[in-house]
Amino acid sequence: MWYLIFLVIVFFVFIFFSVNLFKLPKADTGDEYSKKQRAESKFISSLGLVASSIVFVIITLFNAIVIVQPGQVVFTKLFGKMQYETYESGAHLINPFLNTMDSSIERRSLDYTDENTADGLTKNKIILNIDVTVPFMLNPIAAPKLRERYGENMNLIGPSSRSAIRDCISRLDWEEAVGEDGRLFIANCIPEETKKLVVADLMQSGLDRNLAESAFSFPNALVRKMSFVDKTILASIAQEQAAVIDLRRQDTLTAIAKTEALRRENEGEGIQKMMAKL
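Residues numbered from 1 in each chain as written. Predicted model: local features only at pLDDT ≥ 70, side-chain atom pairs only at ≥ 80, totals over all residues. Heavy atoms only, no water.

**What to know about the overall build of the chain**
Okay, so step 1: Across its full length, the chain carries 8 helices and 10 strands.
Okay, so step 2: When each of the 278 residues of the chain is scored for burial, the buried share is 31%.
Okay, so step 3: Of all intrachain contacts in the chain linking residues separated by at least 6 positions in sequence, the fraction that spans at least 24 positions is 70%. (Helix = DSSP H or I, 4+ residues; strand = E, 2+ residues; numbered from the N terminus. Buried < 20%, exposed > 50% of the residue type's maximum accessible area, 1.4 Å probe, protein only. Contact = heavy atoms within 4.5 Å.)

The following block contains the structure:
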């Protein structure tokens, strides 16, 4: 829009100097307009025409050349209508009337850590906190459609990833979730479930299935830590483990006592047989 306003201003300036140039009185008008004054006016008008033309060319080139930085994608609007052609890193020549917008296509991530951890209810009804990073990348082709549907401050990945985290945790018992295999399962499950939810949301907003499925890519999540929301569970687990260890200790002592008793019994029988032979 600003380029159109500038173009109108330059046009009127150009017309103003053109009119002044062609309306200059002739040199034979006598004392009313000397040759020197006419030459000065002609020079000023010509200079104005040249200057306005140069400014027009410079601003047009400035508005027509777009330099896209690595990790960015640029797309455009023409008088409020979205244009779906995209421009990736490098220099591009475009229609100077286009308004440009950009989005990041770098690998980004949502960090659920510290005070912002996510949580979920396990299959055996224990609430677990998960310290996790959910990475994602935007497909450049989908950027114009997403801007058109969701605006600049798109909040699509956050709610979907939280829902996916809860769903993945709910598939495991807490004993499985805190183990190495459970962490690996969750790291693979979160991006899969997040993508399903994002695709469903995009399709509801009007995108076709192919574009919705290719709009984002989700690498595996990084699971750093699993912990219990209810800290008393840790004490219960510790007591349970202490009881298990004590039971094993008692079983071991009982087995040793039985072995010792059997040894003594065998020794007694051996002595009795030896005495009988004597």
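Having seen the model, we can carry on.
**Considering a nonpolar patch on the surface**
Okay, so step 1: A cluster of nonpolar side chains, contributed by F56, V57, L61, I65, I67 and L93, occupies part of the molecular surface with about 580 Å² of accessible area.
Okay, so step 2: The set of elements that each furnish at least two residues to the nonpolar patch consists of α2 (35–64) and β1 (65–68).
Okay, so step 3: Looking at the nonpolar patch, the element that brings in the most residues is α2, giving 3 residues. (Patch = residues over 30% accessible without salt bridge, like charges linked within 9 Å, V, L, I, M, F, W, Y side chains within 5 Å. Areas by Shrake-Rupley, 256 points an atom, 1.4 Å probe, with all protein chains shown as cover. Salt bridge = Lys/Arg side-chain N within 4 Å of Asp/Glu carboxyl O.)

**What about the packing of aromatic side chains?**
Okay, so step 1: Using the criterion set out here, one finds 3 aromatic pairs in the structure.
Okay, so step 2: With a centroid separation of 6.3 Å and 45° between ring planes, the pair formed by F79 and F97 is classed as tilted. Of the two residues, F79 sits in the loop between β2 (72–78) and β3 (81–87) while F97 sits in the loop between β4 (90–93) and β5 (99–104), which places them 18 residues apart along the sequence.
Okay, so step 3: Given a relative accessible area of 57%, F79 falls into the exposed group.
Okay, so step 4: You can call F97 partly exposed: its relative accessible area is 28%.
Okay, so step 5: A ring pair is formed by F136 and F216, whose centres lie 6.2 Å apart and whose planes are at 65°; its orientation type is edge-to-face. Of the two residues, F136 sits in strand β8 (residues 127–138) while F216 sits in strand β9 (residues 216–217), which places them 80 residues apart along the sequence. Each member of the pair, F136 as well as F216, carries the same accessibility label: buried.
Okay, so step 6: An aromatic cluster is defined as three or more aromatic residues linked by ring pairs; in this entry it consists of F136, F216 and F218.
Okay, so step 7: Across from the ring centre of Y84, 4.6 Å away, lies the NZ or CZ of K145, which sits over that ring. (Phe/Tyr/Trp six-rings, centres within 6.5 Å; stacked < 30°, edge-to-face > 60°. Lys NZ or Arg CZ within 6 Å of the ring centre and 35° of its normal.)

**Quick notes on the state of the cysteines**
Okay, so step 1: Per the counting criterion, the structure on display carries 1 disulfide.
Okay, so step 2: One disulfide bridge connects C168 with C189, the sulfur atoms lying 2.0 Å from each other. Handedness of the C168-C189 disulfide follows from its S-S torsion of about -90°: it is left-handed. Highlighted residues: C168 in helix α4 (residues 157–169) and C189 in helix α6 (residues 180–204), separated in sequence by 21 residues. (Disulfide = S-S within 2.5 Å.)

**Details of α4**
Okay, so step 1: For α4, which comprises 13 residues, the first-to-last C-alpha distance of 18 Å matches the rise-based estimate of 18 Å (1.5 Å per residue) to within 8%.
Okay, so step 2: Contact partners of the buried residues in α4: β6 (108–112), β7 (118–121), β8, α6 and β9. (Expected span 1.5 Å × (residues − 1).)

**As for the sheet that holds β5**
Sheet strands line up and pair through hydrogen bonds in the backbone, either parallel or antiparallel.
Okay, so step 1: Within the open sheet, the 3 strands sit side by side as β3-β2-β5. Their pairing is antiparallel. Strands at the two margins of the open sheet, each flanked by one partner only, are β3 and β5. Strand-to-strand twist across the sheet, computed as the mean angle between neighbouring axes with direction ignored, equals 30°.
Okay, so step 2: Where β2 lies against β3, 5 bridges are found, and the strand directions are antiparallel. Bridged to F75 within β3 is T86.
Okay, so step 3: Strands β2, β3 and β5 of the sheet are contacted by helix α3 (residues 143–150), whose axis makes an angle of about 150° with β3. (Pairing = 2+ DSSP bridges. Axes fitted to C-alpha atoms, helices over the stretch in contact; angles between N-to-C directions.)

**Here we look at the confidence of the model for the chain**
Okay, so step 1: Averaged over every residue, the pLDDT of the chain is 79; residues scoring 70 or more account for 69%.
Okay, so step 2: Considering each helix and strand of the chain separately, the mean pLDDT is smallest for helix α8 (residues 232–277), with a value of 63, and largest for β9, with 93. (pLDDT = per-residue confidence, 0-100.)

**Comments concerning α3**
Okay, so step 1: Residues of α3 that are buried: A143, P144, L146 and R147. Summarising the axial view, the buried residues of α3 lie within an arc of 165°, below the 170-degree limit, and thus occupy one face.
Okay, so step 2: Turning to α3, the residues buried within the fold contact β2, β3, β5, β8, α6 and β9.
Okay, so step 3: Two residues or fewer past α3, G151 is found with a positive phi of approximately 80°. (Arc of directions from axis to C-beta.)

**Here we look at the pattern of salt bridges**
Okay, so step 1: Counted under the stated rule, the structure contains 6 salt bridges.
Okay, so step 2: Across the pair R171 and D167 runs a salt bridge whose closest N-O atoms are separated by 2.7 Å.
Okay, so step 3: On the basis of relative accessible area, R171 is assigned to the partly exposed category, the value being 36%.
Okay, so step 4: In this structure, R171 engages E193 in a salt bridge whose closest nitrogen and oxygen atoms are separated by 3.0 Å. Taken as a pair, R171 in the loop between α4 and α5 (174–177) and E193 in helix α6 lie far apart in primary sequence, 22 residues in all.
Okay, so step 5: Each member of the salt-bridge network shares a partner with another, and the members are D167, R171, E193 and K196.

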